[in-house]
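# Structural overview for review
For reference, the chains in residue letters:
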Amino acid sequence: MEKPSRFKIFMLSLCMLMFLWLSVEAVIAIITKRASSVGESILQILTLPIFVTMAAVYLYALSDAKHKRKTRYGQYTGSVGDLINNYRNGEIEESKFYESLGDVVLYYADPTGVDREGNTADYTLPAAEGCRYLPVFDSYAHTRNYYVEEGRVRITIKREVARKIIKTLEKDNRKRNTSKIGLIIEPSLYEFTIEASELRSVIYDR
């Protein structure tokens, strides 16, 4: 759940204090049978709903923030492996598959790094026609294990949804004039490739 800002906490506290104060005033007036002036009565009648509404709006905002937190990394919350297997088995339409794939949380590291000997190394995977693919994984542990086995000495692991990784790669391609525009999900498990063109509609429609 998103942590509320200090302003929201202050406003909620103020609403609650005013609500309690007005409630106590009403109870005291009833108990002591002291009728307040017409002006005070009107003020209480008008003010109480306002503060109650403010409190309700704030609680709704908190609920909405909680919902957004749950879907922060996309609408699809299943395993990337299950999604790929469903697609291969014909259990999900192609358009829905790529839409969901764009929401899958993946882990990756920078394409370049330093090996154990201290030399600069490119950790993308070669493919046909000179294209390069960045290996991505569905867990932090898989990412770390892969790069350790590849002899990488320093790893900065990032977590993002597939469509944002594709955007990052496309931006990098334009800067460096390279052809690293693909991803391979879990090379040792699924070996499923994603081309930028396949996710283009997902990327630019969101």
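Located above this text is the structure these notes cover.
The sections below set out a description of the structure shown in this document. (Residues numbered from 1 in each chain as written. Predicted model: local features only at pLDDT ≥ 70, side-chain atom pairs only at ≥ 80, totals over all residues. Heavy atoms only, no water.)

## Re the overall build of the chain
For the record, the criterion: The helix count covers DSSP runs of H or I at least four residues long, the strand count covers runs of E at least two residues long, and both are numbered beginning at the N terminus. Buried means the residue's accessible area, taken with a 1.4 Å probe over protein chains only, is under 20% of the maximum for its type, while exposed means over 50%, and partly exposed covers the values in between. We call two residues in contact whenever any of their non-hydrogen atoms come within 4.5 Å of each other. Computed with a 1.4 Å probe, the accessible areas rest on the Shrake-Rupley method; for each residue, only the protein chains presented here act as cover.
Of regular secondary structure, the chain possesses 7 helices and 8 strands. Counting every position in the chain, which comprises 206 residues, the buried fraction comes to 33%. For the chain, restricting intrachain contacts to residue pairs at least 6 apart in sequence, the fraction spanning at least 24 positions comes to 67%. Only carbon and sulfur atoms are counted for the fraction: they give 55% of the accessible area of the chain, which is about 13400 Å².

## Quick word on the packing of aromatic side chains
Just so we agree on the cut-off: Each Phe, Tyr or Trp ring, with Trp reduced to its six-membered ring, pairs with another whose centre is within 6.5 Å; inter-plane angles below 30 degrees give stacked pairs, above 60 give edge-to-face pairs, and intermediate values give tilted ones. The rule for a charge over a ring is simple: NZ of Lys or CZ of Arg within 6 Å of the ring centre, and within 35 degrees of the ring normal.
The full count for this structure, using the stated rule, is 9 aromatic pairs. Between Phe137 and Tyr147 the ring centres are 6.4 Å apart and the planes differ by 75 degrees, which places this aromatic pair in the edge-to-face class. Here Tyr147 lies in helix H5 (residues 140–149) and Phe137 lies in the loop between strand E5 (132–136) and H5, a separation of 10 residues in the sequence. Accessibility expressed as a relative area gives 0% for Tyr147, which makes it buried. Cluster of aromatic residues (ring-pair linked, three or more members): Tyr87, Phe97, Tyr98 and Phe192. Sitting above the plane of the Tyr147 ring, Arg152 keeps its charged end 5.1 Å from the centroid.

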